[in-house]
There are 2 protein chains.
Amino acid sequence: MSAPPKSAPETLEQTLAQVQALLDKQKLVETLVHRQGGPRHELVENLVHKQNLAELQKKLDELHPADVAYLLDVLPVDERLRLWEQVKPEWDGEILLEVSDGVRESLVARMNRRELLAAATALDTDEIADIAPDLPRDVIEELLASLDTQKRARLQSTLSYPEDTVGALMDYDMVTVRADVSLEVAMRYLRRLGELPDQLDKLFVVERDDRLIGVLPLKKLLTADPDSTVAQVIAEDMVVFRPADDAREAAQAFERYDLVAAPVADEAGKLLGRITVDAVVDYIRASSEAEMLSMAGLKEDEDLFATVWKAARNRWTWLGVNLFTAFIASRVIGLFEGSIEKLAALAALMPIVAGIGGNTGNQTITLIIRGLALGYIQPSNARRLILKELGVAALNGLLWGGLVGLLAYGLYDNAGLGGVMMLAMFLNLLVAALAGIVIPFTLQKLKRDPALGSSVLLTATTDSMGFFIFLGLATVLLTH
Amino acid sequence: MSAPPKSAPETLEQTLAQVQALLDKQKLVETLVHRQGGPRHELVENLVHKQNLAELQKKLDELHPADVAYLLDVLPVDERLRLWEQVKPEWDGEILLEVSDGVRESLVARMNRRELLAAATALDTDEIADIAPDLPRDVIEELLASLDTQKRARLQSTLSYPEDTVGALMDYDMVTVRADVSLEVAMRYLRRLGELPDQLDKLFVVERDDRLIGVLPLKKLLTADPDSTVAQVIAEDMVVFRPADDAREAAQAFERYDLVAAPVADEAGKLLGRITVDAVVDYIRASSEAEMLSMAGLKEDEDLFATVWKAARNRWTWLGVNLFTAFIASRVIGLFEGSIEKLAALAALMPIVAGIGGNTGNQTITLIIRGLALGYIQPSNARRLILKELGVAALNGLLWGGLVGLLAYGLYDNAGLGGVMMLAMFLNLLVAALAGIVIPFTLQKLKRDPALGSSVLLTATTDSMGFFIFLGLATVLLTH
């Protein structure tokens, strides 16, 4: 893909500090020039300025594009844009590929059409597809027009695969051999190619019509008798993916079988491309992050240094949902205002029932979301799982409900109140476990991400139900 | 590591269904034998039973150990143990390595010392170290005694590295060459080795004293002139890790530089082992899971089918913390029982203030935990981040606080109440943002996992403070 990394990972934080110091100095100089004016001053300042820039550029030249991307990810917006100006144009594409989504958006917004086109053209087709969602429509069209037929077809087909499929993660850097040649010939062929793609741990063995018939691991190529033919050492049982396969399942196959690269073929067995472990690692990272953000009700991968306005909007959808559900919970309490007026202790105790319900429900929902994501939960075992979670809830309800009941009794010297507290806790923990199971399962049935806003929905349920159960029981048993 | 996978990933769910059907049939037959008795019946049933077992074993033989591990992970405890009995002893070690922690515990509990010893002996030293925490003390001691000197030293040193360091992820399957030999000779050497380790994408070039001086990528070995020496094509700038390096940073380096394998050396540059992408993938998966579980207040990777008793205990620590904090919140409300008696609407409105605070705080804390985990948050940019989150909170506080205030005004036809609601929301969103930043930072300062129970701690803060701010303001401004 590109030059080997030139900095050890432990020095990256130091690099950040150095770059930031250089950017600060540069800013200072600019401010001084603006303020003081005068030809002599300007001359001196310009000199310092140029030295500074040269130093910064030297620093950047020493870095791997991925490290520059990290710096851009970590720097606040204005410093990020100043650093971006110093990046060599020929690295633009590589770096755009590596930065996080939010940051890419902010960088692309600063580039003109010509720059974007140049950056994209420097990339492989599968890489162009990765950044395409952030490029303006006209740039993509111009790009498509400029590519040769094969590349254009590949780009169009990569763009046509939905996110989260193997097709979207696929690249085209495969090396193929025929089954009837000798290993000696295969090795001569590799030598003639000169440059081999990264993550190449096996050659794909194909027939004349590009039909995939097996793989030749480099390990085999390097150790078997050079006079034997590819057909003699070929591995025929291999993991092959289809472009429409779920990326999540492909990632699990990579984890399970410790794969480095695997072929992608169509239904008829025709080789289309390959999927490599570095794409899988990026996918695993991105999807586990998306899951976490999604549980908390954050719409997308937020640039840590997004403007306040943008960041605020990213959080509105779920805040709105939360406000709506909070009002429902509030109306539930409103139903019982008469009881609360009679016994204000109810108001003090009700958040305990709701809060512990929310907490246990969150434990359940986290386990379920994780189980669904890893493929651990199947129709065949779902029933047992539900019974187990209800069992845990009942056990915890008895124990903690009892404890809470005793505390309430001690606090208010009211045995009836203690009993109501105990019963309400027990029931709300059952509600919490059920909600913790039903919410992610329902979201999945609706073909949505099971983690989507699950925390918000769960808390809404345990709050409303907790208030209703506790205040309802208290009204019937205590204040009537 | 082992035989190539024999089943495509898309059929694994079907395999599960088949295995479960066989296990069910087996159980049915056993029940019938028990119930009916009689020599003739027994004979027939035994025949069916044996056929069944044979079929099950044939099925298992076709599977990759990692797939068997998946089945064991997914099956409820009793079926899991029955399947485990059918696994060939020579696969025990490999499978123990692959199953999840909770499941491994349940399997190890069923094995005797001799079986455990046999299973562990079949593994590499770095693999033994992975399962060692779940093995009984006496098995480990016997194991250490049975290993040769080099293996024993390696096992002991791997065990001595803390979890989450490169040393704990390291393996010893490296292939080394000298710099002064020709590529031709290096290739002949590989052929003589016969079997090469998995994930081998480069040879490590060492001096006579095992000092690492560079790496020779297989790509280079395959394409460069066979008559050139290793020294001529060596890559000297490479990513090298120390055993004490943070595993998190190593994983980030693998992601950034798309590594497949990298050498691990000591301070003096002596080659100790290597770290491979499959270990990194497992680490990334495990640590992102741990983070999710930890946020929700779950102690450890829970076996989805753990007994109710065990699962309940796994959740007690944080339930206890939650109960304690809920009582504090309750006492806060208790302080204002007089005001609530006068104006019961306060009881109905206070959960809105607390709930939306909890929700926004969770959004902030999720972003911060993620930023810390990815190394995006550094001392140099922390201040800006705090200002941004406070800005978002203030903006959202004005907007949503205003909306909530209007709703409260409309609902209770009480302008004062609306105003108090607005002000309380605004202030509690600021508290939520601060808590969302301070909690993970403090946990990190205390050298704890920043995600540890963070959700529970955050909700505790936003609840107590939300009640205090709202009821306090109402008491001062409305009911006095």
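All of these numbers come straight from a predicted model, not from anything done at the bench.

A. Geometry of the relation of the copies chain A and chain B. Overlay of chain A on chain B (RMSD 0.1 Å): rotation 180°, translation along the axis 0.0 Å. Those values place the two copies in the arrangement expected of a two-fold rotation axis. Residue E341 of chain A, judged by its C-alpha, is the member of chain A lying nearest the rotation axis, at 2.5 Å. When the interface residues of chain A are mapped onto chain B, 100% of them again fall at the interface, so both copies present the same face.

B. Expanded view of helix α21 (residues 379–412) of chain B. Residue and element names in this part refer to chain B. With 34 residues, α21 extends 47 Å from end C-alpha to end C-alpha; this agrees with the ideal 50 Å at 1.5 Å per step. Helix geometry: α21 is bent most strongly at G397, by close to 25°. Just beyond α21, the residue with positive phi is D413, at close to 50°.

C. Seen up close, unusual backbone geometry. All names here are of chain A. For D164, which is not glycine, the phi torsion reads 70° and is therefore positive. Within the secondary structure, D164 sits in the loop between α10 (149–160) and α11 (166–169). Phi at Q199 takes a positive value of approximately 55°, unusual for a residue other than glycine. For Q199, the position within the fold is in the loop between α12 (183–193) and β2 (202–206).

D. Quick peek at the interface of chain A and chain B. Listed per partner, the contact involves 116 residues of chain A and 116 residues of chain B. Per-element accounting of the side of chain A that touches chain B gives the leading share, 16 residues, to helix α20 (residues 345–373) of chain A. Looking at the side of chain A that touches chain B, its residues break down into 64 nonpolar, 25 polar and 27 charged.

E. Spatial organisation of the nonpolar core. Grouped together as the largest cluster of nonpolar side chains are 156 residues, with contacts concentrated most on I275 and V280 of chain A together with I275 and V280 of chain B. Excluding its chain neighbours within four sequence positions, the residues that come into contact with I275 of chain B are V166, L169, M170, F241, A250, A262, V264 and V280 of chain B. Ranked by size, the runner-up nonpolar core spans 144 residues in total, among them A312, L417 and V431 of chain A together with A408 of chain B.

F. Fine view of the sheet that holds strand β3 (residues 212–217) of chain B. All names here are of chain B. Across the sheet, three strands lie side by side as β1-β2-β3; this open sheet has mixed pairing. With one partner strand each, in any of the chains shown, β1 (176–177) and β3 form the two edges of the open sheet. Direction of pairing for strand β2 (residues 202–206) relative to β3: antiparallel, over a ladder of five bridges. Within β3, the position partnered with F204 by the bridge is V215.

G. Structural view of the domain arrangement of chain A. Under the domain assignment, chain A is made up of domain 1 (9–165), domain 2 (176–276) and domain 3 (315–479). Look at where the C-alpha atoms of domain 1 of chain A and domain 3 of chain A centre, and you get two points 48 Å apart.

H. Examining the pairing of strand β3 (residues 212–217) of chain A more closely. Along β3 of chain A, five of the six residues are buried, which leaves the element largely enclosed by surrounding structure. In sequence, β2 of chain A turns back onto β3 of chain A through a hairpin of five residues, with D210 of chain A there showing a positive phi of about 70°.

I. Structural detail: the sheet that holds β2 of chain A. Across the sheet, which stays open at both edges, the three strands sit in the order β1-β2-β3 (chain A) with mixed pairing between neighbours. One side of each edge strand has no neighbouring strand; the edge strands of this open sheet are β1 (176–177) and β3 of chain A.

J. A look at the pairing of β2 of chain B. All names here are of chain B. With respect to burial, β2 is a largely interior element, five of its five residues being buried. By the alternation rule, side chains of β2 split into K202, F204 and V206 and L203 and V205, which are all buried. Relative to β2, β1 is paired through two bridges, and the arrangement is parallel. Bridge assignment links V177 to a residue of β2, and that residue is V205.

Conventions and cut-offs
Residues numbered from 1 in each chain as written. Chains lettered and ligands numbered in written order. Predicted model: local features only at pLDDT ≥ 70, side-chain atom pairs only at ≥ 80, totals over all residues. Least-squares fit on C-alpha atoms with pLDDT ≥ 70 in both. Contact = placed C-beta atoms within 7 Å. Helix = DSSP H or I, 4+ residues; strand = E, 2+ residues; numbered from the N terminus. Expected span 1.5 Å × (residues − 1). Bend = angle between axes of the 7 residues up to and from the residue. Nonpolar A, V, L, I, M, F, W, Y, C, P; charged D, E, K, R; others polar. Core = buried A, V, L, I, M, F, W, Y, C linked by C-beta atoms within 7 Å. Buried ≥ 20, exposed ≤ 12 C-beta atoms within 10 Å, placed from the backbone. Pairing = 2+ DSSP bridges. Domains from an automatic or database assignment.

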